[in-house]
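# Reading the structure
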Amino acid sequence: MNATVKKTRPELVRRLLLARGADPEDTLRLDTLFLPLGRQQMLGMREAIQWIAYAAQARWPVLIVGDYDVDGAAATAILRKGLGPLFPLRSLVPNRLTEGYGLSESVADRIGSDIRMVITVDNGIAAHAGIARLKARGITVIVTDHHLPGATRPPADVIVDPNQPGCPFPFKSTCGAGVAWYLLWGLHQTYGEQWVSKEKVLYDTLDLVAMATVADLVPLERNNRILVANGLKKIRAGQVNPGLSGLMMHAGVDLEHITEQDFGFRLGPRLNAAGRLADIQTGINLLLSQDAENIAHWSSMLEGINAQRKEIQSQMERQAQEIVDQTGDQGDPVICVGSDAWHSGVVGIVASKLKELYQRPAFVLTATGDVGQTAQGSGRSMPNWHLRDALARVESQHPDLMHKYGGHAMAAGLSFPKNRYEEFRRAINQVAMEQVNGQFAVNLWEDGALRGDELTLEMAKAIEEAGPWGQGFPSPVFVNDFVVESSKTLRGGHWKLVVNLVEPEAVGLAARVQACRLQAIHFLDGKEVASSPPPPGFRIRTRYHLQVNRWRGEENLQLHLEQIWPAPQPVAMPSAESVSRSDEQSGLDQQGSFPPAFSPG
């Protein structure tokens, strides 16, 4: 499907890849993807293909039941495009606000009497009651999912989920859209071009798989890196999904230079906003559309919904932080906050913000249900505490507490009676004490310091080209000392700086300021040690990314500063001349030879 020109990578980039367990010679060729059928295929894949073939021959009406996030929307669009020519096909996505997640009983009751087969995407592994209701009506059910299963298997005819017990497929972090794409690939491998076209379906939907993989925050194992790298390559070549192209225009994404960061921070949030505040079907329609007028309309609609989401999120984050700070969190290792007024579609983002700000797991809840008597929300965890397993432990200790729950190691959703909030808070914190003694790991990946000759635009481009970087394959973060030449506050409060590198001359000698003038930017995240940027002459230590700043056709090197704090003052070795001076005078000279440390505000 593609040809790759091999390029020699700088030694620094080779070291970065090796540090993450990757082969520096690996060009992530699409033809090295793990195959859908074979000795280590996904459990249930062959049976699902057989059922789909039977439905195609009988021309059964088939319904896809999706999910209301980017992964679910992309998976739905992928199967709609791939299976649409085989039989009458429609899709349905639960309403987040009224029906909640997945194939519930209420969703099952909405499925028409003409439907003979239901295929779930990005959900279904926990839909016992909904599937049972469909089976009672004689409907065939195929579950495609990637979430962790519970203790019992739902009564589906076939389950395709790399995380189900006994599945030999080695890449357990494949997202829901990836599982759906693999199902189409399995159909192509079994029945050939007449059923599923390699170019017009599989290659054509790679950009959607890539976006879903990044937006769903699944770890970038090698198989996922291949999918993301080739999806990006497809877009850069101008072969982009038309609906995605419309979204990119509104988001200001440069098609020729799109990166995985654009999936995660620009395109993904705009699609997710529809599922959070309105109807994700708008996003699915956009991804399936070929009509320029409709694409412009739906892209503009998503832009407006996303702007509304930002306003709601900002208000909720401020209120949640006030609750945490005012109550002192009651000394709990796990943060639990809630409000009747909060929007259920935004609680997950706010939980992520609290987790990052306080470096502890966080649950954010709101009231739902007919009379607001159900607490529904999302949790986000830290690397050493598996959140879904923690909720499973809560359920084992308090069997009647939660209505339902599900998720992954780092994120989970749940609901329970609102009047039992305090019971849940105590229970989840008790489990945290049992499992990790209330101590949570903070994984700060660092790749060391860079020399002046490595701080170049060419190096930033080489690092960018060696991606994709992301979850489980962290973007390179370097740590150096700099002296601030100038600084200012931008609109929105962010900091713009010009800095000069401080580079050690040799072990035991005083560091010197290099003639290495660099542009830098810092986006406020609430962790700053000062209320304003460090002024000229101040010496800082910072964790940063090398970044290519593209603006109006020009490319420049920029440091993206993650964290800034005062740099330790260097220890200068006395010269022969200074040895004869008094200890006091020597101390004054040494202290006065460097700018003062950046003091916390």
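One structure accompanies this document, and this report is about it. (Residues numbered from 1 in each chain as written. Predicted model: local features only at pLDDT ≥ 70, side-chain atom pairs only at ≥ 80, totals over all residues. Heavy atoms only, no water.)

What follows is about the overall build of the protein chain. On a plain count of helices and strands, the protein chain comes out with 19 helices and 15 strands. What you see for the protein chain is a C-alpha radius of gyration of 26 Å, in line with the 25 Å of a compact globule of 601 residues. For the C-alpha atoms alone, the extent of the protein chain along its principal axes is close to 100 × 60 × 45 Å. The buried share of the protein chain, taken over its 601 residues, is 52%. Of the roughly 26400 Å² of accessible surface on the protein chain, 50% is carried by carbon and sulfur atoms. (Helix = DSSP H or I, 4+ residues; strand = E, 2+ residues; numbered from the N terminus. Rg over C-alpha atoms; globule rule 2.2 N^0.38 Å. Buried < 20%, exposed > 50% of the residue type's maximum accessible area, 1.4 Å probe, protein only. Areas by Shrake-Rupley, 256 points an atom, 1.4 Å probe, with all protein chains shown as cover.)

Next up on the list: helix α12 (residues 281-288). Along α12, six of the eight residues are buried, which leaves the element largely enclosed by surrounding structure. Within α12, the full set of buried residues consists of Gln281, Thr282, Gly283, Ile284, Leu286 and Leu287. The secondary structure elements touched by the buried residues of α12 are α3 (70-83), β2 (89-92), α8 (206-215), α10 (242-251), α11 (260-277) and α13 (292-327). (Contact = heavy atoms within 4.5 Å.)

All right, on to α8 then. Among the ten residues that make up α8, nine are buried, leaving the element largely enclosed by the rest of the structure. The set of residues buried in α8 consists of Leu206, Asp207, Leu208, Val209, Ala210, Met211, Ala212, Thr213 and Val214. Just past α8, the residue Leu217 takes up positive phi, approximately 60°.

With that out of the way, let us pick up the pairing of strand β9 (residues 404-407). Residues Tyr405 and Gly407 line the buried face of β9, whereas the alternating positions Lys404 and Gly406 sit on a face that is not buried. Where β9 folds back on strand β10 (residues 411-417), the antiparallel hairpin that results is connected by three residues. (Pairing = 2+ DSSP bridges.)

This part covers the sheet that holds β10. Read from one edge of the open sheet, five strands run β6-β7-β8-β10-β9, paired in mixed fashion. In the strand order of this sheet, the two ends are held by β6 (335-339) and β9, each with one partner. Strand-to-strand, the axes of this sheet are offset by a mean angle of 15°, without reference to chain direction. Both strand β7 (residues 362-368) and strand β8 (residues 374-380) contribute to a ladder of seven bridges, which runs antiparallel. Paired with Ala362 across the bridge in β8 is Arg380. (Axes fitted to C-alpha atoms, helices over the stretch in contact; angles between N-to-C directions.)

Below, the discussion takes up the pairing of strand β4 (residues 140-144). Here β4 lies mainly inside the structure; five of its five residues are buried. Alternating positions in β4 separate into two faces, Thr140, Ile142 and Thr144 on one and Val141 and Val143 on the other, with burial throughout. Considered for its hand, the β-α-β crossover made up of strand β3 (residues 117-121), helix α5 (residues 128-136) and β4 is right-handed. Across three bridges, the pairing between β4 and strand β5 (residues 158-160) is parallel. Residue pairing across strands places Ile142 opposite Val158, the latter belonging to β5. (Right-handed = clockwise from strand over helix to strand, strands pointing away.)

With that settled, the discussion passes to unusual backbone geometry. Note the cis peptide between Gly467 and Pro468, where omega equals 10°. For Asp122, which is not a glycine, the phi torsion comes out positive at approximately 60°. Within the secondary structure, Asp122 sits in the loop between β3 and α5. A relative accessible area of 0% means that Asp122 is categorised as buried.

As for its position among the elements, Asn241 is in the loop between α9 (222-236) and α10. A polar atom in the side chain of Asn241 sits 2.8 Å from the backbone oxygen of Leu287. Once you skip the residues sitting within four places of it in the chain, Asn241 turns out to touch Asp207, Leu208, Lys234, Leu286 and Leu287. (Polar contact = N/O pair within 3.5 Å; in protein donor to acceptor, adjacent residues only side chain to side chain.)

Right, let's talk about the environment of Ala432 for a bit. Topologically, Ala432 is positioned in helix α16 (residues 421-436). With residues up to four places along the chain from it excluded, the contact list for Ala432 reads Pro333, Val334, Trp385, Asn437, Gly438 and Phe440.

On to the nonpolar core, then. Counting 116 residues, the largest nonpolar core has Leu83, Trp181, Leu267, Leu546 and Leu559 as its most contacted members. When neighbours within four sequence positions are excluded, Leu546 is seen to be in contact with Leu450, Glu454, Leu455, Met459, Ala460, Ile463, Phe478, Leu557, Gln558 and Leu559. Core analysis: the second largest hydrophobic core is formed by 24 residues, Ala375, Leu387, Leu391 and Ala412 among them. (Core = buried A, V, L, I, M, F, W, Y, C linked by side-chain atoms within 4.5 Å.)

Further remarks concern the pattern of salt bridges. Between side chains of opposite charge, a pair can form when the charged atoms approach closely. In this structure the tally under the stated criterion is 32 salt bridges. A salt bridge links Asp207 to Lys234; its shortest N-O distance comes to 2.9 Å. One end of the pair, Asp207, is in helix α8; the other, Lys234, is in helix α9, and 27 residues separate them in sequence. Note on accessibility: Asp207 and Lys234 belong to one class, buried. When the shortest N-O distance is used, the salt bridge between Glu356 and Lys355 registers 3.3 Å. Salt bridges here are not isolated pairs; linked through shared partners, they connect Arg15, Arg451, Asp453 and Glu454. (Salt bridge = Lys/Arg side-chain N within 4 Å of Asp/Glu carboxyl O.)

The parallel open sheet is built from five strands, whose spatial order is β2-β1-β3-β4-β5. Because the sheet does not close on itself, it has two edges, and the strands there are β2 and β5. For this sheet, the mean angle separating the axes of adjacent strands, direction not counted, is 20°.

These values are about where atoms sit, not about what they do.
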